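Here is how the chains run, residue by residue.
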Amino acid sequence: MGAEQQCDDMEVAFSDSEAFRSVQHVLQSVRMDPFLIDLRDKEQYDILLCAVDSTTRRNSDDQAMLATTLRALSEAVSKIDIMYHHALLHNIFTMSIWYYNRDTRDALLDLIIRLSAVADQYLRECLQMLVNNFTPPGPLVSQMEKLVSDDKRKEIYSQLHESLKMISDTVPLAPRVLKDIINRSMPKLFDNKVMVSFVECMLGLDTERLGDLIGTSLLEKVVDLLTELDVNITWEDILQEEHSKGIFEMELEDLAGDVDKFGQETEVLFGGNVCAEKLDGLMVVVCEHLKSCAEHGCLKREFDILKTIFRKGVLKVHKSKFAQFIMFYACSLDPEICGLDFALFLTDIFTKKEDDAIARMSAVSYVGSYLSRARFISADTVVAILKRLVDWCIDHCERQKKKHTRTKNPVEHQIFYASCQAVMYVLCFRLRSIMDYPNLKSQVCLPSIVNEFLRQAKAARLFNASVDLELEDRIDSDLSKAFGGVNRLDMFFPFDPYLLKESDRYIRPNFEFWSLVKTTYSDDEGDELGDFNAPGMNVDSLDDNFDVELNSDDDDIEYTMNKMSITPHRSFYHPMAMSGDSGLSMPARIRPSVSPPS
């Protein structure tokens, strides 16, 4: 096979064998002091440099010439010397495989693989060159969708992964050096054009042997990137301008929605903001990676790594709105193992005293939100976790009884309050489904417990919309000190509805929306309180002056529950919301939870 190239008005013809002999001679002839090099040899070396010029754009014939030259260099790699061939190496290491066809890419990558094994002296440069090709070159970035097809992009990623794997198999030091290079080469937070591409290619390395060596580091970098980007996006960034006006004075549920293919009312999904779209794109890449892991039977390994990363870098980042959903999606791919594991993992953090109070409160908020929103978690798992939470609360109360001095300081009981709220939050979403199983119903709805709860609810005036303002101010003041003011952990529900447009498709099928929850008072037969009026539920034994309006008008009840919101309009905790006369608003369908500063 032959190839020709025009360079400086000199036409040079090569066959594979001739090219090898010519390249070998040229490389050898210039390995000396520049003043001693024969002018004819210097001229041939300049032609070689021109042949592999990384700035030259080539047609198909030119690429054939380049492929021949690269193959010749691969055969003569032992003759390449950093001292005398610096310009040649510079040209090679600055080449972009995105401009070339498959045959030329193969020839270039083969040369890089061989160079990396030359006494380790070119290892770092070779690895850096491959990592540089994780993203298209600058001129192609803005036109990537037009000029680079999806098939070609995946083919290039596959070639890069295979090359890096071969180098790692050949050079034991390679994975450690590669890890450092990736860390240094990660795009900046607001480098919009290349970040998604880089992460997609990088995650492709998290397979087989190479993944075992650097997989944890790769995932940690991705999660850190997601979280950092997430906390730098405000709700104003996410919500489109036409919806942002008065967002905390209105319910997004009131906006008209359509029924999607899952039979659910379509949530209002937001895009248009550059930062939100970037996070959205990264979430798509990570979800696709997890999906691929599930298809190849390695999801559990990936999930275990993610748990460690989540505990270290996400659990206590209370401004995170979307990054935590990678755990939700991973669990949805394997509900029986990963889904259950995550619930137990969070519960263990809460019940054990190994972590600080903030971590434990965050964990119980996570488990409450997770059990409420994850459709794939079975009712018996929900009951089992609730039992552990309630048992811990009972133990806490027993410990308080045994103390000689008791305190009403909320700081002393903040973990207890968080657990109680998590239990109630889960029951708002899951009580009806639990009631469908007689064996589970008996564990949740013991008559003595129901009666005691009703008595205490009455004493706490939970059912009374009329609140003494002086009392409300005092309670809010105490709790503000305990939880950090208005932005507190007692209103932290980490799995609020997911509002990113493109990646929503991974979350929606397994996410429970409040508007679709069947409550005990929405019984088909019209029994508003359902099984709370069942035999043994001795509600009549309460004081005669118990003023809970159990027979409120159907429309009023439906209106109140449809307005349930994570950010309460008027409650013991929000003295700013004084103008309305409605009762307490509870869980949310769309509205963002109020989270404490990280």
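Note that this is a predicted model, so its numbers are computed, not measured. (Residues numbered from 1 in each chain as written. Predicted model: local features only at pLDDT ≥ 70, side-chain atom pairs only at ≥ 80, totals over all residues. Heavy atoms only, no water.)

With respect to the overall build of the protein chain
The cut-off we apply is this: Numbering of helices and strands runs from the N terminus; a helix is a DSSP stretch of H or I covering at least four residues, while a strand is a stretch of E covering at least two. Three labels apply to residues, based on accessible area from a 1.4 Å probe with only protein chains included: buried if under 20% of the type maximum, exposed if over 50%, partly exposed otherwise in between. Two residues qualify as a contact provided that any one of their heavy atoms is within 4.5 Å of a heavy atom in the partner residue. Accessibility throughout is a Shrake-Rupley quantity obtained with a 1.4 Å probe, and a residue counts as covered only by protein chains that appear here.
Looking only at helices and strands, the protein chain has 26 helices and two strands in total. Taking all 598 residues of the protein chain together, the buried fraction comes to 50%. Residue pairs at least 24 apart in sequence account for 76% of intrachain contacts in the protein chain once pairs closer than 6 positions are excluded. Put simply, the protein chain shows about 29000 Å² of open surface, and 51% of that area lies on carbon and sulfur atoms.

Some thoughts on a nonpolar patch on the surface
Our working rule: Surface patches are defined over residues having more than 30% relative accessible area and no salt bridge, joining like charges when they lie within 9 Å and nonpolar side chains (Val, Leu, Ile, Met, Phe, Trp, Tyr) when within 5 Å. For salt bridges, the criterion is a side-chain nitrogen of Lys or Arg within 4 Å of an Asp or Glu carboxyl oxygen.
On the surface, I82, M83 and Y84 cluster together into a nonpolar patch covering about 310 Å² of accessible area. Position of M83 relative to the elements: it lies in the loop between helix 3 (60-75) and helix 4 (86-93).

Section: the nonpolar core
For clarity, the cut-off: Buried Ala, Val, Leu, Ile, Met, Phe, Trp, Tyr and Cys residues form a nonpolar core when they are joined through side-chain atoms within 4.5 Å.
If you look at the biggest cluster of nonpolar residues, it comprises 142 residues, and the most contacted ones within it are L73, L115, F134, F342 and Y370. Here this core gets 11 residues from one element, more than from any other, and that element is helix 15 (residues 274-295). Those residues in contact with F134 that lie beyond four places of it in its chain are W98, Y157, L160, L164, I182, S197, F198, C201, M202 and L205. Counting residues in each nonpolar core, the second largest holds five residues, with Y425, F429, W514 and V517 among its members.

Re the packing of aromatic side chains
Basically, it comes down to this: Stacked, tilted and edge-to-face are the three classes applied to pairs of Phe, Tyr and Trp rings, where Trp contributes its six-membered ring and a pair requires centres within 6.5 Å; stacked means planes under 30 degrees apart, edge-to-face means over 60, and tilted covers the rest. The criterion for a charge sitting over a ring is simple: Lys NZ or Arg CZ within 6 Å of the ring centre, and within 35 degrees of the ring normal.
Overall, the coordinates contain 26 aromatic pairs when judged by the stated rule. When the centroid spacing of 6.0 Å and the interplanar angle of 80° are considered together, the rings of W98 and Y157 count as edge-to-face. Of the two residues, W98 is situated in the loop between helix 4 and helix 5 (102-116) and Y157 in helix 9 (residues 150-170); the sequence distance between them amounts to 59 residues. Y157 matches W98 in its accessibility class, with the two residues each being buried. Summarising the aromatic geometry, the rings of Y329 and Y506 are spaced 5.4 Å apart at their centres and angled 80° between planes, so their arrangement reads as edge-to-face. Taken together, the residues Y329 in helix 17 (residues 325-333) and Y506 in helix 25 (residues 504-507) connect sequence positions 177 residues apart. For Y329, a relative accessible area of 6% gives the class buried. Over the face of the ring belonging to Y99 we find R57, whose NZ or CZ atom lies 3.9 Å from the ring centre. For the cation-ring pair, R399 lies above W392, with the distance from its terminal atom to the ring centre recorded as 5.8 Å.

Looking at the packing of helix 20 (residues 379-402) against helix 21 (residues 414-435)
Going by this rule: Lines fitted to C-alpha atoms define the axes here, with helix axes fitted over just the stretch in contact, and angles between the N-to-C directions of these axes take values from 0 to 180 degrees. Roughly parallel here means an angle under 35 degrees, roughly antiparallel means over 145, roughly perpendicular means 65 to 115, and every remaining angle is called oblique. Handedness of a crossing follows from how the near helix is turned relative to the far one, being left-handed for an anticlockwise turn of less than a right angle and right-handed for a clockwise one.
One can describe the packing of helix 20 onto helix 21 by two numbers: an axis separation of 10 Å at closest approach and a directional angle of 150°. The angle between helix 20 and helix 21 falls in the class roughly antiparallel. Crossing of helix 20 over helix 21 shows left-handed handedness. Listed contacts from helix 21 to A379, V382, V383, L386, L389, V390, W392, C393, H396 and C397 of helix 20 are I415, F416, S419, C420, V423, V426, L427, R430 and I434.

Observations regarding the packing of helix 1 (residues 16-29) against helix 2 (residues 39-51)
Selection rule: When residues are sorted by character, Ala, Val, Leu, Ile, Met, Phe, Trp, Tyr, Cys and Pro go into the nonpolar class, Asp, Glu, Lys and Arg into the charged class, and all the rest, Gly among them, into the polar class.
Helix 2 packs onto helix 1 with a crossing angle of 120° between their chain directions and a minimal axis gap of 9 Å. With respect to their mutual orientation, helix 1 and helix 2 come out oblique. For the pair helix 1 and helix 2, the sense of crossing is left-handed. The segment helix 1 lies against helix 2, with V23, H25, V26, L27 and S29 engaging D41, Q44, Y45 and L48. Of the residues belonging to the contact of helix 1 with helix 2, the class tally is five nonpolar, three polar and one charged.

Focus: the side chain of S320
Put simply, the rule reads: Within 3.5 Å is the distance limit for a polar contact, defined as a pair of N or O atoms, with the added protein rule that one can donate a hydrogen and the other accept it, and that residues adjacent in sequence qualify only through two side-chain atoms.
Relative to the helices and strands, S320 is located in the loop between helix 16 (299-313) and helix 17. A polar side-chain atom of S320 sits 3.2 Å from a polar atom in the side chain of D230. With near-sequence residues (within four places) excluded, S320 lies in contact with D230 and V231.

Concerning the pattern of salt bridges
If you walk through the whole model with that rule in mind, you get 27 salt bridges. One salt bridge in this structure joins D103 and R71, with 3.5 Å as the shortest N-O distance. Taken together, the positions of D103 in helix 5 and R71 in helix 3 put the pair 32 residues apart, joining distant regions of the chain. Since its relative accessible area comes to 43%, D103 is described here as partly exposed. The closest approach of N and O atoms between R102 and E155, which form a salt bridge, is 3.3 Å. Of this pair, R102 sits in helix 5 while E155 is found in helix 9, placing the two residues 53 residues apart along the sequence.

Details of the confidence of the model for the protein chain
Do not read the predicted coordinates in detail wherever pLDDT is low. We apply this condition: Confidence of the predictor in every single residue is expressed as pLDDT, which spans 0 to 100.
Per-residue confidence for the protein chain gives a mean pLDDT of 74; residues scoring 70 or more make up 65%. A low-confidence stretch, residues 1-6 (pLDDT under 50), is modelled with 25 contacts involving residues beyond four sequence positions or located in other chains. Counting contacts from residues 525-598, a segment whose pLDDT is below 50, to residues more than four positions away or on other chains yields 183 contacts.

Focus: the environment of A422
Position of A422 relative to the elements: it lies in helix 21. The spacing of A422 and V367 is 55 residues in sequence and 7.5 Å in space, taken between C-alpha atoms.

Some details on the environment of H25
Here H25 is to be found in helix 1. Judged by its relative accessible area of 48%, H25 is partly exposed. Each C-alpha atom, one on H25 and one on Q44, is 9.5 Å from the other, the two residues being 19 residues apart in sequence.

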